[in-house]
Amino acid sequence: MKNIFLIGMPSSGKSTLGKRIADVLHYRFIDTDKIIVREEGRSIPEIFAQSGEEYFREVERRVLRTIRPGDSLVVSTGGGMPCFHENMDYIKSTGVSIFLDVPVEVLVRRILAHGHEDRPLNNPNDPELLAVLQKRYETRLPIYAQATITVSGETTEDEILRRVGAWL
Ligand SMILES: Nc1ncnc2c1ncn2[C@@H]1O[C@H](COP(=O)(O)OP(=O)(O)O)[C@@H](O)[C@H]1O
Ligand SMILES: O=C(O)C1=C[C@@H](OP(=O)(O)O)[C@@H](O)[C@H](O)C1
Ligand SMILES: [Mg+2]
C-alpha cells in the first residue's frame, strides 16, 4: 500500500495523529525526528547546536530517501522536512501526503502549554514567537499546500481517514 506522510508546522499534531492513523489502518508508523535522534545518538537541539541546521537537513534528506513507494508506512515528518532538498517532490512521488493546517495562534498555545525544549527553532520564552512562526508559516505554505490532502485542526479523525482512504 502507499505510504502516508504527515506534514505541517511544528506542534500541528503530525506525530500524534500519525500514530493514531497507523494504529487504525494497521500500518507501521515512523517519525523521522525519532529516527534521526536514534541514528545520531543525540537530541535535536544537540544536533543543531553541535553540527548546525544544514547538517540536520542533510540527515533528514537521507532518512527520507530510505522510504520507498509501497512501504505501507505512516510517516510523521519534522516540520521543516518538506521545505528542503526537494523533499516535497520525493514525498509526492513516494506516497499520499496530509497537510495539517493549524492556525499559528493554536501552535503558539500548544508550544506554551507543553513546552518544546526538544525543538530548537521554537523557543517558548521568545516574546516574538507568534511573529516568528507566522513568518515561517508563510514561507512554508507554498510547499505544504502541495500535499494531496489538507485538513484543519478541526477536521475529525474519521473524516481524515475517509479522505485519505480514497487515495490509498
Ligand atoms: N489535535 C490536538 N489538539 C490539542 N493538542 C494537540 C493535538 N495534537 C497534538 N497536540 C499536542 O501538541 C503538541 C505537539 O504535538 P505533536 O504531535 O508532537 O506535533 P508535531 O509532531 O506536529 O510537532 C503535543 O503536546 C500534543 O499533545
Ligand atoms: O519546523 C522545523 O524546522 C523543525 C521541526 C521539528 O519537528 P516537529 O515539527 O515535529 O516539531 C524538528 O524536525 C526540528 O526541530 C525542526
Ligand atoms: Mg513531531
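On a predicted model such as this, the values are computed, not experimentally measured, just so you know.

Describing the site of ligand 1
Here comes step 1: Close to ligand 1 lie Met 9, Pro 10, Ser 11, Ser 12, Gly 13, Lys 14, Ser 15, Thr 16, Arg 110 and His 114, which account for all nearby residues.
Here comes step 2: Interatomic distance of 3.3 Å between a side-chain N/O atom of Arg 110 and a nitrogen atom of ligand 1.
Here comes step 3: Within the side chain of His 114, a nitrogen or oxygen atom sits 3.4 Å from an oxygen atom of ligand 1.
Here comes step 4: With the chains in place, 63% of the 550 Å² that ligand 1 exposes on its own is no longer accessible.
Here comes step 5: Looking at the shell around ligand 1, the elements that each hand over two or more residues are helix 1 (14-25) and helix 6 (104-114).
Here comes step 6: Take the shell around ligand 1: its biggest share by element is three residues, from helix 1.
Here comes step 7: The residue makeup of the shell around ligand 1, split by class, is two nonpolar, six polar and two charged.

Focus: the UniProt feature "binding site: substrate" (unreviewed entry) in the chain
Here comes step 1: Per the UniProt record, the feature "binding site: substrate" (unreviewed entry) sits at Asp 33, Arg 57, Gly 79 and Arg 140.
Here comes step 2: We classify Asp 33 as buried; its relative accessible area is 9%.
Here comes step 3: Filtering out sequence-adjacent residues up to four positions away, Asp 33 remains in contact with Ile 44, Phe 56, Gly 78 and Arg 119.
Here comes step 4: Discounting residues that sit within four places of it in the chain, Gly 79 has contacts with Gly 8, Pro 10, Lys 14, Arg 140 and Tyr 144.

As for the pattern of salt bridges
Here comes step 1: Overall, the coordinates contain eight salt bridges when judged by the stated rule.
Here comes step 2: A salt bridge links Glu 39 to Arg 62; the nearest nitrogen and oxygen atoms lie 3.4 Å apart. Here Glu 39 is found in helix 2 (residues 32-40), whereas its partner Arg 62 is found in helix 4 (residues 53-64), with 23 residues between them in sequence.
Here comes step 3: When its relative accessible area of 47% is taken as the criterion, Glu 39 is described as partly exposed.

Cut-off values and rules
- Residues numbered from 1 in each chain as written.
- Chains lettered and ligands numbered in written order.
- Predicted model: local features only at pLDDT ≥ 70, side-chain atom pairs only at ≥ 80, totals over all residues.
- Heavy atoms only, no water.
- Near = heavy atom within 4 Å.
- Polar contact = N/O pair within 3.5 Å; in protein donor to acceptor, adjacent residues only side chain to side chain.
- Areas by Shrake-Rupley, 256 points an atom, 1.4 Å probe, with all protein chains shown as cover.
- Helix = DSSP H or I, 4+ residues; strand = E, 2+ residues; numbered from the N terminus.
- Nonpolar A, V, L, I, M, F, W, Y, C, P; charged D, E, K, R; others polar.
- UniProt positions renumbered as here; feature names shortened; annotations may be inferred.
- Buried < 20%, exposed > 50% of the residue type's maximum accessible area, 1.4 Å probe, protein only.
- Contact = heavy atoms within 4.5 Å.
- Salt bridge = Lys/Arg side-chain N within 4 Å of Asp/Glu carboxyl O.

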